[in-house]
Every structure is written in structure tokens, then in C-alpha cells.
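Here is what each chain is made of, one letter per residue.
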Amino acid sequence: MTNKISSSDNLSNAVSATDDNASRTPNLTRRALVGGGVGLAAAGALASGLQAATLPAGASQVPTTPAGRPMPYAIRPMPEDRRFGYAIVGLGKYALNQILPGFAGCQHSRIEALVSGNAEKAKIVAAEYGVDPRKIYDYSNFDKIAKDPKIDAVYIILPNSLHAEFAIRAFKAGKHVMCEKPMATSVADCQRMIDAAKAANKKLMIGYRCHYDPMNRAAVKLIRENQLGKLGMVTTDNSDVMDQNDPAQQWRLRRELAGGGSLMDIGIYGLNGTRYLLGEEPIEVRAYTYSDPNDERFVEVEDRIIWQMRFRSGALSHGASSYSTTTTSRFSVQGDKAVLLMDPATGYYQNLISVQTPGHANQSMMPQFVMPANNQFSAQLDHLAEAVINNKPVRSPGEEGMQDVRLIQAIYEAARTGRPVNTDWGYVRQGGY
């Protein structure tokens with residue numbers, strides 16, 4: 001299916017102007033991607049043994065016998081020396097399927113070491129990614145990373161309740177820290193992580209990947225340029241069906257490890273998304289939660305939860321997350337000029353923006369066969385590297401992570417008590433998003 005590209009200048013410009021979306025190969029075509037020279041039809045003709053005379057004009061020099069092919073040009077050339085080294089802490093599904101492959105698109109970052117409780121799996125992964133087997137650590141000898149100057153940072157991809165422990169150990173080892181969201185399971189642990197970063201004079205960045213996604217950044221740009229007018233409503237929906245038989249999901253059903261249910265895991269995308277889309281902080285929250293008492297998955301954590309937030313500007317938001325309804329990732333921002341829809345909003349790939357005005361709609365997503373300068377994973381990895389190299393603040397610092405955890409606790413309190421909870425505690429937005 002061919003992706004639909006908006007003819008709207010505002011929407012197209014918002015996409016192309018985002019820093020992490022500037023393509024180095026804006027005119028790639030399918031032919032270029034398959035190597036140029038002859039097209040697919042001509043290649044099929046050669047395979048059938050037809051003479052060169054039957055080929056399209058200009059293709060007569062194509063060899064009809066096996067021959068060495070010239071080196072194709074690189075879609076996105078990689079520098080020889082990516083000097084910022086990461087130790088990846090935790091080799092679960094997200095690390096293996098998204099983060100480790102994301103290094104291929106990095107301009108500054110490389111995989112330097114692995115930390116895992118499964119030695120055999122770590123050896124296999126190390127061999128796949130060219131990591132020195134001597135740089136495989138386990139959770140007990142993790143602190144030895146202090147002796148390796150080529151490890152600049154650790155990326156913590158562990159169950160939520162372990163984030164604080166390993167972040168603090170990493171700071172004591174003299175390393176910068178990237179930590180998956182949610183930052184921790186308590187506000188106290190978040191503060192401990194922030195304090196440890198300051199004491200070590202190292203950077204702490206929370207892995208809010210959507211902050212580095214071209215479509216989410218384009219949405220923010222459109223809103224900041226007043227394309228929607230005065231903002232009145234935001235609605236977010238994030239859901240998935242929790243499979244308790246999937247080892248990668250089982251820890252998410254344990255309160256001790258996860259800290260909560262669907263809100264902590266996928267609802268946080270809507271909570272954080274509402275904040276960066278509106279560009280302000282809520283002053284009050286209300287909430288309601290439901291879990292089927294006969295569903296053994298939800299003995300310790302919540303399944304479905306909805307929450308409302310009120311903002312000083314007068315904007316209102318409605319958020320929902322669920323562990324028992326089909327996969328959904330959808331944002332809506334309503335202004336008095338237009339409505340911005342994102343569906344999917346927080347997917348790993350191919351997020352979609354639609355801007356609707358009375359009687360008109362425009363859509364935009366990444367054009368097919370165009371390679372962005374950075375996808376959200378490689379852009380996120382490189383952002384910490386760039387911040388360290390250039391001594392600049394990160395876009396998603398620990399203070400942002402702690403604000404989300406604090407708001408999550410307020411939402412849980414509102415659901416538990418059935419009363420609105422004041423969240424007007426004077427937080428000033430940190431970072432650049």
C-alpha cells in the first residue's frame with residue numbers, strides 16, 4: 001500500500017522540519033533501493049534466459065552470466081568511529097527487537113557491553129552484534145563497568161522496580177544513564193536517581209522514545225504554530241491484551257516489579273503525550289479503574305483505567321489504558337480551528353497524523369522508500385550521546401520522568417478514593433520538548 005502524503009504545506013513542513021526526520025536521501029525510489037540498473041521486469045527477463053536485445057533501452061550492457069556486482073551506495077552512510085559506547089542492561093524482548101537493532105541507525109553510538117542474568121543468551125547476542133565476550137556482565141558483577149573507559153553510558157531495560165538500583169550503581173561507576181520509562185515505581189526512587197546523577201555529575205535521561213519520533217515531533221510543531229487554534233480537549237487511548245503466558249509480559253502483572261498495571265506500562269504514553277502536546281501541566285486529576293475479579297491476570301495490578309485532567313488554560317483531557325482490549329494507540333487534540341488525530345500515535349513505526357478542518361482532511365506519515373535520518377530508537381540513543389559530547393541538557397531528563405510517576409500516583413489515589421486530587425504543585429517543565 002502506498003502511504004498517503006499530505007498536500008498541505010503546514011502538515012508537510014511540520015514533518016520535514018523536525019530535526020530527527022531530515023532525510024539524507026529525499027528522492028529514493030524503489031528502483032534505487034533494489035540497486036539501480038535494470039528494473040524488476042528486466043531482472044525477471046534475464047532469469048528467463050531472454051537475450052539482451054529484448055531488454056529495455058540502455059540495459060544491453062547488463063551481464064547475462066554471473067558477475068561481481070559493484071558496491072551499492074549506502075542509504076545512510078555510517079561513520080567509522082561511533083565513539084559513544086553503551087552497556088545494555090537487560091536483554092528482554094524490547095532490548096532485542098527494538099533497541100539493539102536501533103544502533104544500526106546511530107551516528108554517534110555503539111554497543112560496547114551487555115549485562116544479563118542469562119549468560120548463554122548474552123553470548124549469542126554478543127556474537128550477533130560483535131560485542132567482545134569479555135564485556136558481558138551479570139547483575140552481580142555489574143559494578144565492574146567502572147573499570148571500562150569505553151563504556152560511556154548504560155541503558156537500563158529492566159522491570160520497573162529495578163531501575164533505581166541499577167541507575168544509582170551506574171552513577172557510582174561513573175557512567176551516564178538512559179533509563180526506560182516509567183522511571184521508577186515511586187517518587188522517592190525517582191528523587192534518589194536524580195540526586196545520584198547530580199552527585200556523579202552525569203546525565204540521566206528517560207527513554208521516552210516518542211519524544212524522538214518524527215510524527216510526534218511534527219504534531220508538537222503544528223500545535224505550537226497554532227494550526228489547531230486554542231486547544232480545548234485531548235483524548236488518549238492506549239491498550240493491549242496482556243498474555244500471561246508470555247515470559248516477557250509476566251513481570252508486568254506483579255505489583256512488586258511493575259508498580260502498577262496498564263497505566264504504568266502503556267497508559268503513561270497518553271499521560272506524557274497529553275503533557276507534551278498541550279505544553280502545560282495538569283492542576284487536577286480524577287480517575288476510575290476496573291478489573292474483572294474473576295480474571296487471575298489482575299489480582300495484583302489494574303486492568304482498565306480512565307482518568308481526566310484539568311489544566312490552568314481551561315483545557316481538559318481524557319485518558320484510558322487497558323490490558324484486556326485489543327491493541328490501540330490513538331491521540332486526539334481538538335482546537336477551535338482544527339482537530340489533530342494520531343492513529344497510531346505511539347507505535348514503533350509508521351505513526352500517522354491527520355489534521356481535520358471543517359470539510360477538509362490532510363494526512364501525513366513517513367513517505368515510503370524514504371529513510372529518515374534517525375528513527376525514534378536510533379535518534380533517542382544518539383540524543384544522549386550528543387548531549388554528553390556537546391555538554392547540553394537532554395530532552396527527557398529525570399525530572400520529567402518523576403513528574404509522570406507523581407501524576408500516576410495521584411491518578412491511582414483519585415481512583416481509590418473516588419475524589420479529585422490536586423496536582424498543582426508548581427512543576428516547571430524540564431527538557432526541550
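What comes next is a walk through the structure.

Quick look at the overall build of the protein now. Check the secondary structure of the protein and you find 13 helices and 15 strands. Relative to its 433 residues, the protein shows a buried fraction of 51%. For the protein, the share of sequence-separated contacts (at least 6 apart) that also reach a separation of at least 24 residues comes to 72%. Total accessible area on the protein is roughly 20400 Å²; 51% of this is exposed by carbon and sulfur atoms.

Below, the discussion takes up the pattern of salt bridges. Applying the stated rule across the entire model yields 24 salt bridges. The salt bridge involving arginine 254 is made with glutamate 256; its shortest N-O contact spans 3.5 Å. Its salt-bridge partner being glutamate 284, residue arginine 286 comes within 3.8 Å of it at the nearest N-O pair. Connected through shared salt-bridge partners, Arg275, Glu281, Glu400, Asp404 and Arg429 make up one network.

Think of two packed helices as two axes; the pair is described by the angle between the axes and how far apart they sit. Running from N to C, helix α7 (residues 187-200) and helix α13 (residues 398-417) point in directions that differ by 170°, and their axes come no closer than 9 Å. In this view, α7 runs roughly antiparallel relative to α13, as classed from their interaxial angle. Residue-level contacts link Val187, Cys190, Gln191, Ile194 and Lys198 of α7 to Gly398, Glu399, Met402, Val405 and Arg406 of α13. Among the residues forming the contact of α7 with α13, the class breakdown is 5 nonpolar, 2 polar and 3 charged.

Let us look at the nonpolar core. Grouped together as the largest cluster of nonpolar side chains are 79 residues, with contacts concentrated most on Val154, Val177, Met183, Leu204, Leu340 and Ile353. Once residues lying within four places of it in the same chain are set aside, the contact partners of leucine 340 are Ala219, Leu222, Leu228, Phe331, Ser332, Val333, Ile353, Ser354 and Val355. Counting 30 residues, the second-largest nonpolar core is a separate cluster that includes Ala153, Ile157, Met178 and Ala387.

Summarising the element assignment, alanine 170 is placed in helix α6 (residues 163-172). Classification of alanine 170 by relative accessible area gives buried; the value is 0%. Residues alanine 170 and alanine 153 lie 17 residues apart in sequence; the distance between their C-alpha atoms is 8.1 Å. Leave out the neighbours within four places in its chain, and alanine 170 touches Phe142, Val154, Lys175 and Val177.

Moving on, we come to the side chain of serine 262. Secondary-structure assignment places serine 262 in helix α11 (residues 262-278). Of the residues examined, serine 262 reaches a relative accessible area of 0% and is grouped as buried. In this structure, serine 262 is in contact with Gly267, Glu302, Asp303, Ile305, Ser321, Ser322 and Tyr323, ignoring residues within four places of it in sequence.

A few words now on the pairing of strand β2 (residues 109-115). In terms of residue burial, β2 counts as a mostly covered element, since 6 of its 7 residues are buried. Sheet analysis places strand β1 (residues 84-89) next to β2, joined by 6 bridges and oriented parallel. Looking across to β2, one finds that glycine 85 is bridged to arginine 110. Following the chain from β1 across helix α4 (residues 93-102) to the adjacent parallel β2, one finds a crossover that is right-handed. Across 2 bridges, the pairing between β2 and strand β3 (residues 136-137) is parallel.

Put simply, α11 and α13 touch, their axes get as near as 10 Å, and they point 110° apart. For the element pair α11 / α13, the angle class is roughly perpendicular. With respect to the hand of their crossing, α11 and α13 are arranged in right-handed fashion. Here Leu263, Met264, Ile268, Leu271, Asn272 and Arg275 of α11 lie close against α13, whose contacting residues are Glu400, Gln403, Asp404, Leu407, Ile408, Ile411 and Tyr412. Classifying every residue of the contact of α11 with α13 gives 8 nonpolar, 2 polar and 3 charged.

The rules behind each value
Residues numbered from 1 in each chain as written. Predicted model: local features only at pLDDT ≥ 70, side-chain atom pairs only at ≥ 80, totals over all residues. Heavy atoms only, no water. Helix = DSSP H or I, 4+ residues; strand = E, 2+ residues; numbered from the N terminus. Buried < 20%, exposed > 50% of the residue type's maximum accessible area, 1.4 Å probe, protein only. Contact = heavy atoms within 4.5 Å. Areas by Shrake-Rupley, 256 points an atom, 1.4 Å probe, with all protein chains shown as cover. Salt bridge = Lys/Arg side-chain N within 4 Å of Asp/Glu carboxyl O. Axes fitted to C-alpha atoms, helices over the stretch in contact; angles between N-to-C directions. Parallel < 35°, antiparallel > 145°, perpendicular 65-115°, else oblique. Nonpolar A, V, L, I, M, F, W, Y, C, P; charged D, E, K, R; others polar. Core = buried A, V, L, I, M, F, W, Y, C linked by side-chain atoms within 4.5 Å. Pairing = 2+ DSSP bridges. Right-handed = clockwise from strand over helix to strand, strands pointing away. Left-handed = near helix turned anticlockwise from the far one by under 90°.

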